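Residues per chain are reported as follows:
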Amino acid sequence: MPDNYFARYLPLLIHLVIVGIVACGMVLLSWLIGWRRPTRAKMAPYECGMAPIGDARERFSVKFYLVAMLFILFDVEAVFLYPWAIILRDLKMFGFWEMIVYIDIVLVGFFYIWKKGVLDWGEASMKRGGF
Amino acid sequence: MPQRSADYCGLQFIAFIKGKVLSLTTFIIVSVIKIAIVLFILLTAVAYTVWLERKVVGHMQNRWGPTRVGPFGLLQPAADGIKFLFKEDLTPPHVYKPLYIAAPIIAVVCALTSIAVIPFGNWVPVPGGGSTPLQITDINIGLLVILGITSIGVYGVALSGWSSNSKYSLLGGLRASAQMVSYEIALGLSLVGVLILSGSFSLREIVAAQSGHFWGFIPNWNIFRGCQFIAFFIYLMAAYAETNRIPFDLPEAETELVAGYHTEYSAMKFAMFFMAEYANMITVACLASLLFLGGWHGPLFGPQILQAILPVFWFVLRVFVFLFIYIWVRGTLPRFRYDQLMAFGWKFLLPLSIANLVVTALVVALRA
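Residues numbered from 1 in each chain as written. Chains lettered and ligands numbered in written order. Predicted model: local features only at pLDDT ≥ 70, side-chain atom pairs only at ≥ 80, totals over all residues. Heavy atoms only, no water.

Undergrad: Before we move on, could you go through the overall build of chain A and cite the residues and values that matter?
TA: When helices and strands are tallied, chain A shows 5 helices and 0 strands. Of all 131 residues assigned to chain A, the portion counted as buried reaches 36%. Taking the contacts inside chain A whose residues are at least 6 apart along the sequence as the reference set, 49% of them involve residues at least 24 apart. Per element, the accessible surface of chain A, about 8600 Å² overall, is 71% carbon and sulfur. (Helix = DSSP H or I, 4+ residues; strand = E, 2+ residues; numbered from the N terminus. Buried < 20%, exposed > 50% of the residue type's maximum accessible area, 1.4 Å probe, protein only. Contact = heavy atoms within 4.5 Å. Areas by Shrake-Rupley, 256 points an atom, 1.4 Å probe, with all protein chains shown as cover.)

Take a look at the structure:
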C-alpha cells in the first residue's frame, strides 16, 4: 500500500507518462505516414521567397535578457508571497506589516528599473539613447 | 463536502475511492482509466474549440466558417487531423534537430499535464459503493503544480524559435518568451488575493470556500465576496497574453512574422503547437472559473441523478463562456504594439496586482 504522499503524486506521474507517449506518438505517426519529397526550396529557411542572407544565429537586443532577469527577481517575490498568503489569517496584522516592509523593498527596486528605462521599448527607449 | 483539516489528507486519498482501501494495482488501473477519459475529453474539446472559433469568428466577419465537412462543418476537426497526419513531415537541414523535435513535444506535454490537478466537480458515487472525486489527483498544492507546469511550457515556444534557425522563428520565439515571462508575474500576483481569502493551494478547497450566498442572493464567489474583480481582470489579461492570443498575439503576428515560432514546422509538429495553445486556453478557463467564479457551485434541483450531474454542467458552462469570450475578443480587438504590450504588463498590471494584494491582505488581516 502506498503512503499518502506517493498516492497523491502517482496519478500525476502516470498522467505525465501517458501524455508523453501520446505526444511522441503523434510526432512518430506523422513521420511514418506523411510522405516526403524534399526540394531545395522546401528545405531553405522561409523568408517570403527571398534568398536567405546568413542564418538566424545573430545578436539580438539585450532587452530580452533584461526581461528574463527581471522575471526571475519578481517571480521569486511572488514565490515568497504564496506561503505568506496561505497563513495570513493566523499571522494577522503582524504578518501584514512584515510583508509591507518586504513589498516596499521590492517596489523601490521596481521604480528604479522603471526610471532607468528598462521597461521602455521602442521610441521611448530610443529617445533615451539607452538599451 | 471535505473539511479543511489535517485528516483530509488522510486515508481517503490512499483509498482514492472513499471508504475503501484499494490495492496498488487497482489504484493504478483506476487512475489510468480516469486519465484516459479526461485526456479524451480534453483533446476532443481542443478540436471543437478550434471549430467553434472558426465558426464564431466567421459569423462575426459575415462569413459562414466551415460548412463542407459534415453537418455545420462538425467533422472539420477530424478532417484537419487526418490532413495534418498525411502532410509532408519535413525537417529542414538548417535546424538543430534534437531541440527542433523536442520543442512541440514539450509544448504539448506541458499543456496536457496541467489538466491533471483540475477538479471538475464534487465527489460522485460509484456503482461499487463509496464515491470518487471528479479529478485525476487532488494535490494539496494543485495551484502551484499548474503554475510550475505552465512555466515549463515557455520552453517549448522558446526552444522551437531558437532551434528552427530562421529569422522569423527566432523573432517569434524571443517575443513569445519575453511576453510570457512578463505576464506570468502579473498572473502569479493576481492569484495571491484568492490565496489570502481561501488560505489553501488546493483547488478543491478554494472552490469549497466559495459555496453559499451573502445578502440572500449574491453567490460567495471570490470575484464578488472577496471583491477580487480587479484580480480577475488582471488574471484575464495575463491569461490572454500567456496563451499568445489576440490582442497579445505578437509572437505569431501573421502580418509581420509569417507564423512566428512555428514557421519552420510542418505536418503534425505544426499542429501540435496549436493543440498546446488551445489546451492551455481550456486550462486557463478552468482555472478562472475555479478561482474566481465559484467552480461548480450553482443552483441544484431535480432528482438525485440530475443533482449529481448539475455541478459538472455549471462548471462546463463557465468554461464555455470563457472560451467564447476568448473568441469574441479575437473577433473584436486589434493587436497591441510590442512596446505597448510590455508597458501594459510591467507598468500597469504589475503595480495594480501588488495594490490589489496589499488591500486584500489589509482587509483580511484586520478582520482576522
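Undergrad: Requested: an account of the nonpolar core, with residues and values cited.
TA: Grouped together as the largest cluster of nonpolar side chains are 135 residues, with contacts concentrated most on A:W84, B:L189, B:V192, B:Y235, B:L291, B:F292 and B:W346. Tallying contributions element by element places helix α11 (residues 267-291) of chain B first for this core, with 17 residues. Split by domain, the residues of this core number at least three in each of domain 1 (5-43) and domain 2 (62-127) of chain A. With sequence-adjacent residues up to four places away left out, B:F292 is seen in contact with B:S190, B:L191, B:V194, B:Q210, B:W221, B:N222, B:I223, B:Q228, B:A231, B:F232 and B:Y235. By size, the runner-up hydrophobic cluster in this structure holds 5 residues, among which are B:W51, B:L52, B:V56 and B:V57. (Core = buried A, V, L, I, M, F, W, Y, C linked by side-chain atoms within 4.5 Å. Domains from an automatic or database assignment.)

Undergrad: Which residues make up the interface of chain B and chain A, and what values do they have?
TA: If you look at the interface, chain B gives 89 residues, while chain A gives 71 residues. Buried surface at the junction of chain B and chain A, summed over both partners, amounts to about 7300 Å²; 75% is from carbon and sulfur atoms. For the chain B face of the interface with chain A, the top three residues by lost area are B:K167, B:W346 and B:K347, together amounting to 9%. Taken together, the connections running from chain B to chain A amount to 1 salt bridge. Here B:K347 ties to A:D120 by a salt bridge, and the two come within 2.5 Å at their closest N and O atoms. (Buried area = accessible area lost by both parts, 1.4 Å probe. Salt bridge = Lys/Arg side-chain N within 4 Å of Asp/Glu carboxyl O.)

Undergrad: Can you explain unusual backbone geometry? Please cite residues and give values.
TA: Residue and element names in this part refer to chain B. Although it is not a glycine, N62 adopts a positive phi angle of roughly 60°. Counting through the fold element by element, N62 comes out in the loop between α2 (24-60) and α3 (76-86). In this model, N165 sits at a positive phi of 55°, which is unusual for a non-glycine residue. Note on placement: N165 falls in the loop between α5 (142-163) and α6 (167-198).

Undergrad: Tell me what's going on with the environment of B:A238, and back it up with residues and numbers.
TA: All names here are of chain B. Inspection of the secondary structure puts A238 in helix α9 (residues 229-242). Given the relative accessible area of 0%, A238 is considered buried. Along the primary structure A238 and P98 are separated by 140 residues, whereas in three dimensions their C-alpha atoms are 31 Å apart. For A238, the residues in contact, after removing those within four places along its chain, are Y183, L187 and L349.

Undergrad: So what's going on with the confidence of the model for chain B? Residues and values would help.
TA: Any residue range with low pLDDT should be treated as having predicted coordinates unsuitable for detailed reading. All names here are of chain B. Counting all residues, the mean pLDDT for chain B is 83, and 90% of those residues have values of 70 or more. Ranking the helices and strands of chain B by mean pLDDT puts helix α4 (residues 97-113) first, with 91, and helix α1 (residues 11-15) last, with 43. Taken as a whole, residues 1-16 scores under 50 in pLDDT and shows 41 contacts with residues more than four places along the chain or in a different chain. Interface confidence in the predicted complex, given as ipTM, is 0.84; pTM for the same model is 0.87. (pLDDT = per-residue confidence, 0-100.)

Undergrad: Summarise the packing of aromatic side chains; cite the residues concerned and give the values.
TA: Considering all chains together, one arrives at 27 aromatic pairs over all chains under this definition. Between B:F248 and B:F336, the ring centres sit 5.2 Å apart and the planes meet at 5°, which makes this aromatic pair stacked. A residue pair is termed long-range when its members are at least 10 positions apart, and B:F248 in the loop between α9 and α10 (254-257) and B:F336 in the loop between α12 (304-332) and α13 (338-367) qualify at 88 residues. What makes B:F336 partly exposed here is its relative accessible area of 27%. Taken together through their ring pairs, the aromatic side chains of A:F74, A:F110, A:F111, A:W114 and B:W346 make up a single cluster. (Phe/Tyr/Trp six-rings, centres within 6.5 Å; stacked < 30°, edge-to-face > 60°.)

Undergrad: Which residues make up the pattern of salt bridges, and what values do they have?
TA: Residues and elements named next belong to chain B. In total, this model carries 7 salt bridges over all chains according to the counting rule given. With a closest N to O distance of 3.2 Å, D80 and R54 form a salt bridge. Of this pair, D80 sits in helix α3 while R54 sits in helix α2, and the two are 26 residues apart along the sequence. On the accessibility criterion, D80 (17% relative accessible area) is buried. R54 gets classed as partly exposed once you look at its relative accessible area, which sits at 37%.

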